[in-house]
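Listed here are the chains, written in short residue letters.
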Amino acid sequence: MKTKVIVGMGSCGIAAGANKTYDVLENIKTGDNLDVDLSKTSCVGKCYAEPLVEIIDENGYYLYGGVDEKKIKKVIESHIVNKIPINEYLVKFDKSQDMMESNEEGQVKIALRNCGYMDPESIEEAEERHAYKAILKIKEEKIKDKSVIQSVLDSGIRGRGGGGFPTGLKWQFANNSKSDDKFIICNADEGDPGAFMDRSLLEGDPHAILEGMLIGAYAIGANQGVIYCRAEYPLAIKRLNIAIGQAREKGFLGKNASGIEGFDFDIYVKEGAGAFVCGEETALIASVEGERGMPRKRPPFPAVSGLWKKPTNINNVETLANIPYILLNGPESYNKYGTEKSKGTKVFALTGKIKKGGLVEVPMGMTLKEIIFDLGGGIQDDKSFKAVQLGGPSGGCIPASLIDTPVDYDSVNSTGAIMGSGGMVVMDESTCMVDLAKFFLNFTQQESCGKCTFCRMGTKRMLEILTRITDGKGEQGDIEKLEELSVQIKDNSLCGLGQTAPNPVLTTLKYFRHEYEAHINDKKCPAKVCNALLTYEIVADACTGCTLCARKCPVDAISGSKKEVHFIDQDLCIKCGACDDACNFDSILVY
Ligand SMILES: Cc1cc2nc3c(=O)[nH]c(=O)nc-3n(C[C@H](O)[C@H](O)[C@H](O)COP(=O)(O)O)c2cc1C
Ligand code: SF4
Ligand code: SF4
Ligand code: SF4
């Protein structure tokens, strides 16, 4: 067989230098007449090892990681020319040439079934991997809209955008609304800090999203589709537009879409400016209409009166990516995974202090421990696991003691966190939980659209209190004030942003109250993060008098002569940490 060489060109790969790796391969292939098939793909999920290069030859499948310009030359020389694989660069080896056969460590790839396994800019490669087969099955078997909805209901799939509402039920509501014009919108806003599942799906398998929308449109009777994608995702937008053009050319979109008589359906991409609140469906609709993205009161729900006051169904990217699989393989192929109330699989974006950051897709119900330690490789530098933040700014922290929690909607909710859209930020002992809560609150406060006073002013007051606490100016009663404000903001905000904004504070208070108390009562930060609360002291026995710290101190707080023990004047010290960074003898004690 001819050797295949495939370069991972998702945003993560490109950011790590995959373009240069590809150029080297292309130049060598042309210049040296290297007889290989060279192609591109998207992210396979192993973002921690980018740039990734796959080589498939008669001996099996080889995945090389960290392949920069220099390493690719070595790989070509050794593996392709001399047939000797370089084991030290290998991330994965499989004797089977079909990567899809090897579901790693309990992962089950349904939404991600094609991501990293084909060129996302080639509709032919997508078709080889069954793209548009589900919509063609609907056409050939003349499956009725109600039966499509029944299959989605039977699969048990719930919306992956955070709310977890049953998708089939939502489609039923939209189907019930009578109107000449209806819309289906793909929510590709992905505003959660730390989340990149949707981006990877859009970049890696845009045809799956288009087909999911086609099926949804057919089921509810929509004639127009909109993909609302943030402008910060240029590669996703580019590939979506390429895919839409290809799908139109092949007749999947347009008049009598996919060959279904009377089914006229087309899709366009609307670029959003990247405001978190625009992910909320009524704000999203306003934004598509050219208005300022502000939520409005419901009812009427979008299924009754949405875009341009017409019935509208909004689904998340990952939800839509699952739909063709469900229709093609039957609902039982999907609902055999997962738990009683949380069916199927979920994609998670693993970030933070984790060894193998990237994407994983697992059956619902897998425990946090299995995801973080078995799939994610555990904590960086083998530090101890402290907590994991699920659900972004709307979510909460789950402490190490609850690491055996199964990841399904109900179990996660019972901890006070939420499943959210799938962002999983892992934290080690060096994370200050008060500082973390402040980070998320700062985000929601800035992203509040300002319509409701409780959200606009309440989050501002909470942020002021948190800032005071981390600055060492916390007062008795601050915790109670935070709790009171949290309840008020949750109860009185119009949309999900305000209703969930206090969650990071509430969950950190629930599990890490002692850290808040240490900040307020003892003026100490146990994780040694909040600078204002730290004390820097020189350990006399360890100090060699090298003078480096004194030379680095920006406020001349350190005194001492050469070869003599140095001393920090606490009244002058601004706690910047420069001395600790500079000292080569571990002589600075921080507490
Ligand atoms: C403040 C806020 C931001 C949201 N951001 C997103 C988002 O970026 N992507 C998304 O799919 N859903 C987001 N949602 C949820 C959507 O409003 C909506 O529930 C979802 O797109 C429905 O699709 P699904 O049923 O397939 O999950 C957000 C909700 C709120 C309140
Ligand atoms: S809760 Fe916040 S973001 Fe939502 S409408 Fe009110 S002010 Fe705007
Ligand atoms: S850098 Fe370290 S060893 Fe050198 S004088 Fe400062 S404390 Fe002492
Ligand atoms: S922490 Fe900064 S200000 Fe304080 S002694 Fe060290 S270098 Fe100087």
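Only a predicted model underlies this, so the values are computations on that prediction, with no experimental measurement involved.

Peer 1: Account for the sheet that holds strand 7 (residues 224-230), with residues named and values stated.
Peer 2: Judged by pairing direction, the sheet is parallel, and its four strands sit side by side in the order 8-7-6-9 without closing on themselves. Across the chains shown, the open sheet's two edge strands, defined by having one partner strand only, are strand 8 (266-272) and strand 9 (312-316). Averaged over all pairs of adjacent strands, the angle between strand axes in this sheet comes to 20°, irrespective of strand direction. Taken together, the seven bridges between strand 7 and strand 8 define a ladder with parallel strand orientation.

Peer 1: An account of the site of ligand 3 is needed here, citing residue identities and associated values.
Peer 2: By nearness alone, 13 residues border ligand 3, and Cys543, Cys546, Thr547, Cys549 and Cys583 come closest of all. Classifying every residue of the shell around ligand 3 gives eight nonpolar, five polar and no charged.

Peer 1: Any chance you could break down a negative patch on the surface for me, citing the residues and the numbers?
Peer 2: A contiguous patch of negative charge, built from Asp23, Glu26, Asp68 and Glu69, is present on the exposed surface. By secondary structure assignment, the location of glutamate 69 is in helix 3 (residues 69-81).

Peer 1: For the sheet that holds strand 2 (residues 36-41), give the residues involved together with the corresponding values.
Peer 2: Read from one edge of the open sheet, five strands run 2-1-3-4-5, paired in mixed fashion. Single-partner strands in this sheet number two, and they are strand 2 and strand 5 (90-94). When the angles between neighbouring strand axes are averaged without regard to direction, this sheet yields 15°. Relative to strand 4 (residues 60-64), strand 3 (residues 53-57) is paired through five bridges, and the arrangement is antiparallel. Bridging across to strand 4, isoleucine 55 finds its partner in tyrosine 62.

Peer 1: Can you tell me about a nonpolar patch on the surface, naming the residues and giving the values?
Peer 2: Taken together, Val539, Leu589 and Tyr591 make up a surface patch of nonpolar side chains, about 230 Å² in accessible area. Topologically, tyrosine 591 is positioned in the segment after strand 18 (588-590).

Peer 1: Can you lay out the pairing of strand 3 for me, pointing to particular residues and giving the numbers?
Peer 2: Across the five residues that make up strand 3, a large majority, five, are buried. Note that strand 1 (residues 3-8) and strand 3 share four bridges and pair antiparallel. Paired with lysine 4 across the strands is isoleucine 56, a residue of strand 3. Adjacent in sequence and paired antiparallel, strand 3 and strand 4 are bridged by two residues.

Peer 1: An account of the side chain of asparagine 187 is needed here, citing residue identities and associated values.
Peer 2: If you trace the backbone, asparagine 187 turns up in strand 6 (residues 183-188). Of the residues examined, asparagine 187 reaches a relative accessible area of 13% and is grouped as buried. A polar atom in the side chain of asparagine 187 sits 2.9 Å from the backbone oxygen of glycine 279. Setting aside anything within four residues of it in sequence, one finds asparagine 187 in contact with Asp198, Tyr228, Gly279, Leu284, Ile314, Asn315, Asn316 and Val317.

Peer 1: Give a description of a positive patch on the surface that names residues and reports values.
Peer 2: Taken together, Arg551, Lys552, Lys562 and Lys563 make up a surface patch of like positive charges. Here arginine 551 is to be found in helix 21 (residues 548-552).

Peer 1: Explain helix 9 (residues 206-220) residue by residue, including any values.
Peer 2: Each α-helix winds once per 3.6 residues, and so residues spaced three or four apart point in a common direction. Helix length check: helix 9, at 15 residues, gives a terminal C-alpha distance of 21 Å against a target of 21 Å (1.5 Å per residue), a fit within 8%. Burial runs high along helix 9: 15 of the 15 residues are buried. Positive backbone phi, approximately 85°, marks glycine 221, located one or two places after helix 9.

Peer 1: Can you tell me about the packing of aromatic side chains, naming the residues and giving the values?
Peer 2: A full pass over the atoms with the stated rule returns eight aromatic pairs. Considering the side-chain rings of phenylalanine 165 and phenylalanine 173, the 6.3 Å spacing of their centres and the 35° angle between planes classify their relative orientation as tilted. Exposure remark for phenylalanine 165: the relative accessible area of 40% places this residue in the partly exposed category. A relative accessible area of 42% places phenylalanine 173 in the partly exposed class. Against the face of tyrosine 22 rests lysine 40, its NZ or CZ located 4.8 Å from the ring centre. Over the aromatic face of tyrosine 233 sits the side chain of arginine 199, whose NZ or CZ is 5.9 Å from the ring centroid.

Peer 1: Give me the lowdown on the packing of helix 9 against helix 12 (residues 317-329), citing residues and values where you can.
Peer 2: With their axes 7 Å apart at the nearest point, helix 9 and helix 12 run at an angle of 75° to one another. On the basis of the axis angle, helix 9 is roughly perpendicular to helix 12. In this structure, helix 9 contributes Ala208, Ile209, Glu211, Gly212, Met213 and Ile215 to the contact, and helix 12 contributes Val317, Leu320, Ala321, Ile323, Pro324 and Leu327. Tallied by class, residues from the contact of helix 9 with helix 12 come to 10 nonpolar, one polar and one charged.

Peer 1: Tell me about the nonpolar core, and name the residues and values.
Peer 2: Membership of the largest hydrophobic core comes to 65 residues, with the highest contact counts inside it found for Ile227 and Phe265. With nine residues, helix 9 is the single largest residue contributor to this core. Listed in part, the 24 residues of the second largest apolar core include Met366, Ile372, Val407 and Met419.

Peer 1: Which residues make up the environment of phenylalanine 276, and what are the values?
Peer 2: The residue phenylalanine 276 is located in the loop between strand 8 and helix 11 (281-288) in this model. Each C-alpha atom, one on phenylalanine 276 and one on glutamate 447, is 6.1 Å from the other, the two residues being 171 residues apart in sequence. Here phenylalanine 276 is in contact with Asp189, Gly191, Asp192, Arg230, Pro393, Ser394, Phe443, Glu447 and Leu497, once residues within four sequence places are set aside.

Scoring rules and cut-offs
- Residues numbered from 1 in each chain as written.
- Chains lettered and ligands numbered in written order.
- Predicted model: local features only at pLDDT ≥ 70, side-chain atom pairs only at ≥ 80, totals over all residues.
- Heavy atoms only, no water.
- Pairing = 2+ DSSP bridges.
- Helix = DSSP H or I, 4+ residues; strand = E, 2+ residues; numbered from the N terminus.
- Axes fitted to C-alpha atoms, helices over the stretch in contact; angles between N-to-C directions.
- Near = heavy atom within 4 Å.
- Nonpolar A, V, L, I, M, F, W, Y, C, P; charged D, E, K, R; others polar.
- Patch = residues over 30% accessible without salt bridge, like charges linked within 9 Å, V, L, I, M, F, W, Y side chains within 5 Å.
- Areas by Shrake-Rupley, 256 points an atom, 1.4 Å probe, with all protein chains shown as cover.
- Salt bridge = Lys/Arg side-chain N within 4 Å of Asp/Glu carboxyl O.
- Lys, Arg positive; Asp, Glu negative; His and termini not counted.
- Charge placed at Lys NZ, Arg CZ, Asp CG, Glu CD.
- Buried < 20%, exposed > 50% of the residue type's maximum accessible area, 1.4 Å probe, protein only.
- Polar contact = N/O pair within 3.5 Å; in protein donor to acceptor, adjacent residues only side chain to side chain.
- Contact = heavy atoms within 4.5 Å.
- Expected span 1.5 Å × (residues − 1).
- Phe/Tyr/Trp six-rings, centres within 6.5 Å; stacked < 30°, edge-to-face > 60°.
- Lys NZ or Arg CZ within 6 Å of the ring centre and 35° of its normal.
- Parallel < 35°, antiparallel > 145°, perpendicular 65-115°, else oblique.
- Core = buried A, V, L, I, M, F, W, Y, C linked by side-chain atoms within 4.5 Å.

In short, geometric facts, not functional conclusions.
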